[in-house]
Amino acid sequence: MSRVGTRGLVLNENLIFEVSTPGRRGYSLPELDVPPASLPDGLVRDEVEGFPELSEVDVVRHFTRLSTWNYGVDSGFYPLGSCTMKYNPKVNEVACRRPGLADLHPMTPDHLSQGALELMYQLQQGLAEVSGFSAVTLQPAAGAHGELAGMLMIRAWHESRGGGRTRVLIPDTAHGTNPATAALCGFEVVPIASSDRGVLTPEVVREHMDDSVAGLMVTNPNTLGLFETHIREICDIVHQGGGLVYCDGANLNALMGIARPGDMGIDVMHFNLHKTFSTPHGGGGPGAGAVGVAKCLEPFLPAPVVVKTDEGYRLDADRPQSIGRLRSFNGNFGVMIRAWAYLRSMGGDGLKRVSELAVLNANYIRARLEETFHLPYRQRSLHEVVFSDRQLGGDCHTLDLAKRLIDYGYHPPTIYFPLVVHGAIMIEPTETESKQVLDEFCDAMLAIARESEENPDLLHEAPRCTRTGRLDETRAARQPCLCWGPSE
Ligand SMILES: *Cc1c(COP(=O)(O)O)cnc(C)c1O
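Computed from a predicted model, the values in this text were never measured in an experiment.

## Structural notes on the side chain of N272
Move 1: Position of N272 among the secondary structure elements: in the loop between β8 (268–270) and α10 (273–276).
Move 2: Once residues within four sequence positions are removed from consideration, N272 is found in contact with G143, G249, A250, F277 and A288.

## Description of the site of the ligand
Move 1: Near the ligand the following residues occur: S82, A142, G143, A144, E147, H175, T177, D248, A250, N272, H274 and K275.
Move 2: Here a nitrogen atom of the ligand and a side-chain polar atom of H175 are 3.5 Å apart.
Move 3: A distance of 2.5 Å separates a nitrogen atom of the ligand from a polar side-chain atom of D248.
Move 4: Considering the ligand on its own, with 380 Å² of exposed area, one finds that the protein chains cover 86% of that surface.
Move 5: Breaking the shell around the ligand down by element, the ones donating at least two residues are α6 (143–160) and α10.
Move 6: No other element matches α6, which puts 3 residues into the shell around the ligand.
Move 7: Tallied by class, the residues present in the shell around the ligand amount to 3 nonpolar, 6 polar and 3 charged.

## A look at the confidence of the model for the chain
Move 1: With 92% of its residues at a pLDDT of at least 70, the chain reaches an overall mean of 91.
Move 2: Long-range and interchain partners of residues 1–29, a stretch whose pLDDT sits below 50, account for 55 contacts in this model, where long-range means more than four residues apart.

## Structural notes on the UniProt feature "modified residue: N6-(pyridoxal phosphate)lysine" (unreviewed entry) in the chain
Move 1: As recorded in UniProt, the sites labelled "modified residue: N6-(pyridoxal phosphate)lysine" (unreviewed entry) are K275.
Move 2: Among the secondary structure elements, K275 is positioned in helix α10.
Move 3: Its relative accessible area of 12% is what places K275 among the buried residues.
Move 4: Not counting chain neighbours up to four residues away, the residues in contact with K275 comprise S82, C83, T84, K86, A250 and H281.

Here is what the cut-offs are and how they apply
- Residues numbered from 1 in each chain as written.
- Predicted model: local features only at pLDDT ≥ 70, side-chain atom pairs only at ≥ 80, totals over all residues.
- Heavy atoms only, no water.
- Helix = DSSP H or I, 4+ residues; strand = E, 2+ residues; numbered from the N terminus.
- Contact = heavy atoms within 4.5 Å.
- Near = heavy atom within 4 Å.
- Polar contact = N/O pair within 3.5 Å; in protein donor to acceptor, adjacent residues only side chain to side chain.
- Areas by Shrake-Rupley, 256 points an atom, 1.4 Å probe, with all protein chains shown as cover.
- Nonpolar A, V, L, I, M, F, W, Y, C, P; charged D, E, K, R; others polar.
- pLDDT = per-residue confidence, 0-100.
- UniProt positions renumbered as here; feature names shortened; annotations may be inferred.
- Buried < 20%, exposed > 50% of the residue type's maximum accessible area, 1.4 Å probe, protein only.

Shown next as structure tokens:
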């Protein structure tokens, strides 16, 4: 229920009380069923200080205007490396808003939620097929949460065999969530160096492998956008040493329909459903970090698990070795529906085409920019490409380039990650961009490189075409102002 009063937009019954108190200027509404006396004394007040007096038109215009200051995949190219900011088909949104799915109460008994359970079951099966794992859980709410699920399962597996393994090997190219997850699970993190070709070598893994090592956390393709060419041999070394291999699957957009992590010897991997399987993300969620496991980890999956029986689908909580429940109810169901719709509409061939185009697009950008921007690792990229700022002129750095890209109308790429590249510029175009968009972006990058030589202040002072100029990001992080209201 919504009405407009002289004091403002009335959004619901509670606010109606606010404007309809007797004696208020010139506006009255019917008597309320809930008498004002039901509010505790301390909360009843005549005036709300600073409460804006706005009409509906003012409010609508305010929020519509704010929305146009935003930048998203629906407004332009968003090459944020590692985040797979692809265009998300709108048909997924139609699917997840269907009342039978969207209005389903999470406490509905299994026999009345067969459709939803069937969807979850099919999604589990589909993801298992794409990745080569024997089972999949949909419970975790994000990639990092999936890592937690996976590492807890590795820990539980070791404990079931006597325990005693306390260390986890993690390459220096890893996403920060990997060491954070391992530490959260009680493991000691052992950083290991990638080679000068940007990949892990069997030698370095063998050197660190002993009976204190619970496993290895590896990202493939890694965060330099490079395929870990020795992955099979590395998995064998870890297994022979009694450990398990975790794969950060955030970069699955480069592999789908072409290669399966399960076939490479990986034991457990998370999918970022909101990245690879198309849910709008970037504002912080919701996401979903489904996790695939090899046979040996199946007993440890978070409970309950969706199973298919002769009587239909049901949630099976009778899992004595399970690491337990990780998420209220059954996870972020809306993201699962989008992933299911995406899988169904693409099919196996479609997913393969996605990966081929994602890789082609990244290599196209690499080829157009590699003479102007320093490329620390020269081999063929997969779905993303990492440059450095070494060749920029005029004492310009990666941050200046990123800010100047905003003036050209682009969301900046990921910067200063991975850490092994000084001044990293990490570009992931995804499969959904056309050659025209990629060319325009590359033209902008080349123009900025020229500006860095000819007029470096254009970069140092960027962004100039935005509502606010360059912000003090260090202060914003260290002294965040998180309250609404006049600041000190
Ligand atoms: C995005 C990402 C993660 C974390 O995923 P969230 O869903 O943001 O928690 C982990 N590793 C890599 C390589 C990523 O790109």
